[in-house]
Amino acid sequence: MNDKLVFLGLLYFVQGIPYGLQSSLLPVYLRGAGHSLTRISFTKVLYFPWVLKVLWAPLIDRVGTKRRWIVGTVSGLALTCASSAALAPEAHIWGVAATLLAMNTLASFQDIAVDGAAVALLKGRGELGLGNTAQVVGYKAGSVFAGGGLLAVIDVAGWAWMFVLLMFVYAGVALFVLGAPVLDEETLKGPPADGSKRAAETSWIVWRKLLAVPGTPWTVLYVLTYKLGEQGAVTMFPLFLLDHHMTARELGFWNGIIAMGFSICGSSLGGLLLGQFSIGALMRRVFVLRTISMVFQSSLLTVLEPSPLMKGMAVLSMSVQHFLGGLITTLTFTTMMHCTQRAEDSIQATHYSFLATLEVLGKLTFSTLAGGMVDWFGFQVAFLFFLTLSAATALHVWTATLTGALREHQLKDPPK
């Protein structure tokens, strides 16, 4: 089991690097250069390949092995970083955008292959909890490394050396995966016996199979909406602090490193709690706590004058929000993977990619619109809307734990 966790954690770590660059480093850079919140929010369109990944998931399910796909995509990320090192963001902003788009595209291909390997490797609720903890913690650690750590040192190291470092990180991971024994069994599998039949299947048949998997309709609605209010707050609150209370370097430390550290702790705790309590009971309580934390954070928007007390309360608010968000993310991805394991083997990677794509789509769409909402209506009105969305999601989850898809008897371990 330890080999599986190290393997998954490392791959999700390098997968989180593009997100960290784009979610933490780029917004602060653009805001410091005087760009509007609306324009900063629209940079989220660079995540668009994650929305499209369900279209090429069947290709990864049917062609080649997971090892080849992972090695190829991680090597491609190393080459992309080498190209990025030659660009200066001040003079080549469109070139920087193109490299981030390429990194997101390659990372989305890698994500499908790694998710497919995880679905096959993890068995039982205990392994699912720990495996999804490795997934979420690894991804967030990569995001912290790129968005917090690199933001804190970019003034000293410079843009070019930052990407040279990332190039060596990706190259090292590609070599690791090339010889990783955890994939030996999967790599040695031959093509499925019904390969010709599967190749002849129409897209309509595949979609019918996906939606027929037990629990899928509820999970689809849930992953589209569970992060909406939280995502708006997490995206906009640091920019509120940048306007009124904190410098870019302070944000890089407190939001990019400390708060994300709390997020990682929350994700880790989620995996441990899943071994002791039902996922329904955990989700019911944590979603209520998240709504309460958003009430506290929204109240801080009325304080515009900088002060040590306000900074301390803001850091506390971000830390609590990230901690609960990390806990919810682990519970969510465990729920998604449990649902996917009910699907037949031939569509499992596609099914999980479908759910993961919708999860990204929900967050991405709202993040793109959040800046425009703040520019139009102000921080206070926008955060009131974020709070309403969070409360509605908590009610949706609470209902499902009592009468719907999250009832405890529906979350038993799948048959081995």
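Above this text is the structure in question.
Given the structure is predicted, the values throughout are model-derived calculations rather than measurements.

## Description of the pattern of salt bridges
Thinking step 1. A complete count under the given rule lists 2 salt bridges for this structure.
Thinking step 2. Put simply, E230 and K227 hold a salt bridge, and the shortest N to O gap is 2.5 Å. Of the two residues, E230 and K227, neither departs from the other in class, the shared state being buried.
Thinking step 3. For the salt bridge of R290 with E230, the shortest nitrogen-to-oxygen distance reads 2.9 Å. With R290 in helix α14 (residues 279-299) and E230 in helix α12 (residues 228-244), this residue pair connects regions lying 60 residues apart in the sequence. When sorted by exposure, R290 lands in the same class as E230, which is buried.
Thinking step 4. Salt bridges sharing common partners tie together K227, E230 and R290.

## What about the nonpolar core?
Thinking step 1. L21, Y170 and Y222 are the most contacted members of the largest nonpolar core, which has 75 residues in total.
Thinking step 2. Examining the composition of this core, we find that 11 residues originate from one element, helix α5 (residues 93-121), more than from any other.
Thinking step 3. Judged by nonpolar contacts, the second largest core, of 28 residues, contains L228, L251, M318 and V374.

## A closer look at helix α15 (residues 308-340)
The α-helix winds at 3.6 residues per turn, so residues separated by three or four positions along the chain end up facing the same way.
Thinking step 1. In this model, α15 (33 residues) spans 48 Å end to end at C-alpha, consistent with the 48 Å of a helix rising 1.5 Å per residue.
Thinking step 2. The buried count for α15 comes to 25 of 33 residues, which makes it a mostly enclosed element.

## A few points about the environment of E250
Thinking step 1. The residue E250 is located in helix α13 (residues 248-274) in this model.
Thinking step 2. For E250, a relative accessible area of 25% translates into the label partly exposed.

## Section: the packing of aromatic side chains
Any pair of aromatic rings gets described here by the distance separating the centres and the angle formed by the planes.
Thinking step 1. The full count for this structure, using the stated rule, is 8 aromatic pairs.
Thinking step 2. When the centroid spacing of 5.0 Å and the interplanar angle of 10 degrees are considered together, the rings of W218 and Y222 count as stacked. Of the two residues, W218 and Y222 both sit in helix α11 (residues 216-225), 4 residues apart, roughly one turn of that helix. Y222 carries the same exposure label as W218, and that label is buried.
Thinking step 3. Consider the rings of F237 and F240, whose centres lie 6.0 Å apart with planes at 25 degrees: the pair is stacked. Here the residue F237 and the residue F240 both occupy positions in helix α12, the gap between them amounting to 3 residues, near one helical turn. F240 carries the same exposure label as F237, and that label is buried.
Thinking step 4. Of the aromatic side chains, those joined through ring pairs into one cluster are F237, F240, F379, F383 and F386.
Thinking step 5. Here R284 stacks its cationic end above the ring of W398, 5.3 Å away from the centre of that ring.

Parameters and conventions
Residues take numbers from 1 onward in each chain, read along the sequence in its written order. In keeping with the model being predicted, local features are shown solely for residues with a pLDDT of at least 70 and side-chain atom pairs are shown and tallied solely at 80 or more, while totals for entire chains, interfaces and linings include all residues. Side-chain numbers here rest on the full set of heavy atoms in the structure, without hydrogens or water. The rule for a salt bridge is simple: a side-chain nitrogen of Lys or Arg has to be within 4 Å of a carboxyl oxygen of Asp or Glu. Buried means the residue's accessible area, taken with a 1.4 Å probe over protein chains only, is under 20% of the maximum for its type, while exposed means over 50%, and partly exposed covers the values in between. Elements are defined by DSSP. Helices are runs of H or I of four residues or more, strands are runs of E of two residues or more, and each kind is numbered from the N terminus. Residues grouped as a nonpolar core are buried Ala, Val, Leu, Ile, Met, Phe, Trp, Tyr and Cys residues, joined through side-chain atoms within 4.5 Å. Here a helix's expected span is defined as the number of its residues, less one, multiplied by 1.5 Å. Classification of ring pairs uses Phe, Tyr and Trp, with its six-membered ring standing for Trp, and accepts pairs whose centres are within 6.5 Å; under 30 degrees between planes counts as stacked, over 60 as edge-to-face, and the remaining range as tilted. Only when the NZ of Lys or the CZ of Arg is both within 6 Å of the ring centre and within 35 degrees of the ring normal is a charge said to sit over the ring.

Any functional reading would require information that these geometric values do not contain.
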